[in-house]
Amino acid sequence: RAKAEFDTRICYYEREMDEHARQRRAMAHDLWVALEKDAFDLVYQVQKSVSTGEVTGYEVLLRWDRPGHGLVSPTDFIPLAEETGSIGPIGAWVLKTACLEAASWPEPYKIAVNVSGLQLAQLELVDLVRMVLFQSGLEPERLELEVTETAIIADKKRALYVLRQIKAMGVSIAIDDFGTGYSSLDTLRSFPFDKIKLDRSFMVEVETNEQSKAIIRAILALGRSLSVPVLAEGVETHAQLDVLRDEGCNEAQGFLLGRPGNIDWADLLDPPLSA
Ligand code: C2E
Ligand code: MG
Ligand code: MG
Ligand code: MG
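What counts and how
- Residues numbered from 1 in each chain as written.
- Chains lettered and ligands numbered in written order.
- Predicted model: local features only at pLDDT ≥ 70, side-chain atom pairs only at ≥ 80, totals over all residues.
- Heavy atoms only, no water.
- Helix = DSSP H or I, 4+ residues; strand = E, 2+ residues; numbered from the N terminus.
- Buried < 20%, exposed > 50% of the residue type's maximum accessible area, 1.4 Å probe, protein only.
- Contact = heavy atoms within 4.5 Å.
- Areas by Shrake-Rupley, 256 points an atom, 1.4 Å probe, with all protein chains shown as cover.
- Lys, Arg positive; Asp, Glu negative; His and termini not counted.
- Charge placed at Lys NZ, Arg CZ, Asp CG, Glu CD.
- Near = heavy atom within 4 Å.
- Polar contact = N/O pair within 3.5 Å; in protein donor to acceptor, adjacent residues only side chain to side chain.
- 1 Å grid on protein atoms, 1.4 Å probe; cavity = no way out; pocket = protein on both sides within 12 Å on 5 of 7 lines; lining within 4 Å.
- Sits in = over half its atoms within 2 Å of the grid points.
- Points joined across faces, edges and corners; volume = space filled by probe spheres on them.
- Nonpolar A, V, L, I, M, F, W, Y, C, P; charged D, E, K, R; others polar.
- Phe/Tyr/Trp six-rings, centres within 6.5 Å; stacked < 30°, edge-to-face > 60°.
- Lys NZ or Arg CZ within 6 Å of the ring centre and 35° of its normal.

Looking at an unreviewed UniProt entry, the protein carries the name EAL domain-containing protein, with the source organism given as Devosia oryzisoli.

Caption draft 1: Main features of the overall build of the protein. When helices and strands are counted, the protein shows 12 helices and nine strands. With the principal axes as the frame, the protein shows a C-alpha extent of 75 × 50 × 45 Å. Within the span of the protein, comprising 275 residues, buried residues form 42% of the whole. Pairs at least 24 apart in sequence give 67% of the contacts found in the protein among residues at least 6 apart. In the structure as shown, the protein presents an accessible area of about 15,000 Å², 54% of it carried by carbon and sulfur atoms. In the protein, 29 side chains carry a positive charge and 43 a negative one; their mean positions are 5 Å apart.

Caption draft 2: Spatial organisation of the site of ligand 1. Inspection of the region around ligand 1 gives 22 residues, with Arg 63, Asn 114, Asp 176, Glu 236 and Phe 255 positioned closest. In the environment of ligand 1, an oxygen atom lies 2.9 Å from a nitrogen or oxygen atom belonging to the side chain of Asn 114. The fraction of the free accessible surface of ligand 1 (800 Å²) that becomes covered by protein chains is 83%. Structurally, ligand 1 is housed in the largest pocket. Elements that contribute at least two residues to the shell around ligand 1 include exactly strand S2 (55–66), helix H2 (74–84) and strand S6 (172–178). Among the elements that make up the shell around ligand 1, the one with the highest residue count is S2 (four residues).

Caption draft 3: Seen up close, the layout of surface pockets. Taken as a whole, the largest pocket holds about 1,400 Å³ of empty space. Lining the largest pocket we find 46 residues, and of these Glu 59, Leu 61, Thr 75, Asn 114 and Asp 176 sit closest to its centre. Going through the elements one at a time, S2, H2, helix H3 (87–103), strand S4 (110–114), helix H4 (117–120), strand S5 (143–148), helix H6 (149–154) and S6 are the ones with two or more residues in the lining of the largest pocket. For the lining of the largest pocket, the class distribution of residues is 18 nonpolar, 15 polar and 13 charged. Computed from the structure, the second largest pocket encloses a volume of approximately 330 Å³. Taken together, 16 residues make up the lining of the second largest pocket; nearest its centre are Val 46, Lys 48, Val 55, Tyr 58 and Leu 268. Contributing elements (two or more residues each) for the lining of the second largest pocket: strand S1 (40–49), S2 and helix H12 (265–269). By residue class, the composition of the lining of the second largest pocket is seven nonpolar, four polar and five charged.

Caption draft 4: Representation of the side chain of Arg 66. Here Arg 66 lies in strand S2. Within polar-contact distance, the side chain of Arg 66 engages the side chain of Asp 30 at 2.9 Å. Once you skip the residues sitting within four places of it in the chain, Arg 66 turns out to touch Ala 26, Met 27, Asp 30 and Val 72.

Caption draft 5: Inspection of the environment of Trp 93 at higher detail. Within the element layout of this structure, Trp 93 appears in helix H3. Distance in space between the C-alpha atoms of Trp 93 and Leu 35 is 8.2 Å, their sequence separation being 58 residues. With residues up to four places along the chain from it excluded, the contact list for Trp 93 reads Leu 35, Asp 38, Phe 40, Asp 41, Leu 42 and Leu 62.

Caption draft 6: Region of interest: the packing of aromatic side chains. In this structure the tally under the stated criterion is 10 aromatic pairs. Between Tyr 58 and Tyr 109 the ring centres are 5.6 Å apart and the planes differ by 65°, which places this aromatic pair in the edge-to-face class. Of this pair, Tyr 58 sits in strand S2 while Tyr 109 sits in the loop between H3 and S4; the two residues are 51 residues apart in sequence, bridging distant segments of the chain. The exposure class assigned to Tyr 58 is buried, which follows from its relative accessible area of 5%. An aromatic cluster of three or more residues is present, and its members are Tyr 44, Tyr 58, Trp 105, Tyr 109 and Trp 265. The aromatic ring of Phe 255 is capped on one face by Arg 259, whose charged end is 3.9 Å from the ring centroid.

As structure tokens, then:
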């Protein structure tokens, strides 16, 4: 009896696995179709100076409205795209589209584009960035690439070589989700980053947990001594922003300052008189 029950369970497990694999294959396929049909979208999330409230730039975030499924989070489809080979063309689409759009903006704000670890491991990224800047006419100083530590650690030598080539073009490099990786300090030592993006997880407890606050303070001190500005991600409350202001954080990004979306130029260019 135990044997029969065991077999049934294995069978059930295998069916579950099959179903899971089938769904992933379907999603991977739909990603290629979306590329072909130009069905991705970009949204922009504002980044602001903590001390003055001025706009310092916009992070570019990819959106995919999957037919029959609705919006799929990039945290779900980016890893799949990385596993199934579409991240190269998807990343190229993001970079090209973001630069073309930003080049036509009425104000020369900076854009920050996320780059996958797989792209970073490929020398083609250097040519892609050069070509996209040339085709769009976007000044290199207006482009920033966001990379994560895990991306760099995968093939450190290659990644740093690629980053150096890109930085030499005048493009800046930010380290994303800082503080969550395994060797943050080592990563900082190996490359002159232009910005540290403090991971959102530190913001969550900043009002209630002295530990979180102490860590934020330490990272801000680190940024100051390395002369690298720090941007805090995931700022949702005024209390969090107050802490950041008290501690001398340079920039902030989060729902409190603006949700990812389309930029309302009318609003930006004609601020209400009361503002
Ligand atoms: P990320 O680069 O750390 O981007 C920030 C994420 O936090 C975005 O999620 C943004 O919508 C979200 N966020 C911003 N402010 C707040 C806040 O105040 N509270 C909370 N709870 N969340 C906030 P999104 O757009 O879902 O992107 C998730 C991740 O997917 C990104 O994390 C990035 O790693 C990746 N991703 C997004 N677009 C691209 C892309 O074009 N290429 C690549 N390779 N990865 C991308
Ligand atoms: Mg990012
Ligand atoms: Mg981040
Ligand atoms: Mg993140």
